[in-house]
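# Coordinate inspection notes
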Amino acid sequence: INNSAAVACLIFNPKGELMLSRRAIEPNHGMLDLPGGFVDVMETAEDAVRREISEELGISVTSMKYLTSFPNEYVFSGYSVFTLDLAFVCEVADLDKANPKDDISSFEFYDLSAVPLKELCSDSMRKIIEFYIDNEIK
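Residues numbered from 1 in each chain as written. Predicted model: local features only at pLDDT ≥ 70, side-chain atom pairs only at ≥ 80, totals over all residues. Heavy atoms only, no water.

## Details of the overall build of the protein chain
- Of the regular secondary structure elements, the protein chain holds two helices and seven strands.
- Against the 2.2 N^0.38 benchmark of 14 Å for 138 residues, the protein chain shows a C-alpha radius of gyration of 14 Å, consistent with a compact globule.
- Its C-alpha atoms give the protein chain principal-axis dimensions of about 40 × 30 × 25 Å.
- Across the 138 residues of the protein chain, 43% fall into the buried class.
- When the accessible area of the protein chain is evaluated, it comes to approximately 7400 Å², of which 51% is carbon and sulfur surface.
- A gap of 3 Å separates the mean positions of the 12 positive and 24 negative side-chain charges of the protein chain. (Helix = DSSP H or I, 4+ residues; strand = E, 2+ residues; numbered from the N terminus. Rg over C-alpha atoms; globule rule 2.2 N^0.38 Å. Buried < 20%, exposed > 50% of the residue type's maximum accessible area, 1.4 Å probe, protein only. Areas by Shrake-Rupley, 256 points an atom, 1.4 Å probe, with all protein chains shown as cover. Lys, Arg positive; Asp, Glu negative; His and termini not counted. Charge placed at Lys NZ, Arg CZ, Asp CG, Glu CD.)

## Focus: the side chain of Arg 22
- Relative to the elements of secondary structure, Arg 22 occurs in strand β2 (residues 18-23).
- The exposure class assigned to Arg 22 is buried, which follows from its relative accessible area of 17%.
- For Arg 22, the contacting residues outside a window of four places in its chain are Gly 30, Met 31, Leu 32, Asp 103, Ile 104, Ser 105, Ser 106, Glu 108, Tyr 110 and Glu 119. (Contact = heavy atoms within 4.5 Å.)

## Digging into the packing of aromatic side chains
- In the structure shown here, the tally under the stated rule is five aromatic pairs.
- Look at Phe 70 and Phe 131: their rings are 6.4 Å apart centre to centre, the planes differ by 75 degrees, and that puts the pair in the edge-to-face class. Placement of the pair is Phe 70 in strand β5 (residues 61-76) and Phe 131 in helix α2 (residues 123-136), with a sequence separation of 61 residues. (Phe/Tyr/Trp six-rings, centres within 6.5 Å; stacked < 30°, edge-to-face > 60°.)

## Thoughts on the sheet that holds strand β7 (residues 104-110)
- Read from one edge to the other, the open sheet built from three strands follows the order β3-β2-β7, with strand pairing classed as antiparallel. Here the strands that pair on one side only, and so sit at the sheet edges, are β3 (32-33) and β7.
- Of the strand pairs in this sheet, β2 and β3 are connected by two bridges, and their pairing is antiparallel. Among the inter-strand pairings, Ser 21 is bridged to a residue of β3, identified as Asp 33. (Pairing = 2+ DSSP bridges.)

## Focus on α2
- Over its 14 residues, α2 extends 19 Å from the first C-alpha to the last, a length consistent with the 20 Å expected when each residue adds 1.5 Å.
- Among the residues of α2, those classed as buried are Ser 124, Met 125, Ile 128, Ile 129 and Tyr 132. An end-on view of α2 places all buried positions within 140 degrees of arc, on one side of the element. (Expected span 1.5 Å × (residues − 1). Arc of directions from axis to C-beta.)

## Some details on the pattern of salt bridges
- For the structure on display, the rule yields 11 salt bridges.
- Ionic pairing is found between Arg 22 and Glu 119, a salt bridge with its closest N-O pair at 3.1 Å. In this pair, Arg 22 sits in strand β2 while Glu 119 sits in the loop between β7 and α2, placing the two residues 97 residues apart along the sequence.
- A relative accessible area of 34% places Glu 119 in the partly exposed class. (Salt bridge = Lys/Arg side-chain N within 4 Å of Asp/Glu carboxyl O.)

If you want it as structure tokens, here you go:
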């Protein structure tokens, strides 16, 4: 069995809307996702957050707070990689300079009450967003 760690980032604009990215690659091309990706060998989850946001959006993470984790099965080319998706709430510098690249084709912002859960690429991303709504919103 293959297993890996991955990070998922919850980034909000000044209106409090959540950023969701569109996947530019398979699996689940075109579906919504939280920005993030696999943790590299011998890399910390925090370093992966900083690297992935830089690679995917071209901006820097200024602070992050661990939120929760959920297991996930990432199926690609007929192979299953079982991940533990580690979610972080992130603040970033220069959100207005974010530019989609690498594994994402675009990004959109959604009010938390209007996130299209059926368009999310995985159950773990849906569970992370639901966890945030249930536990972090006062």
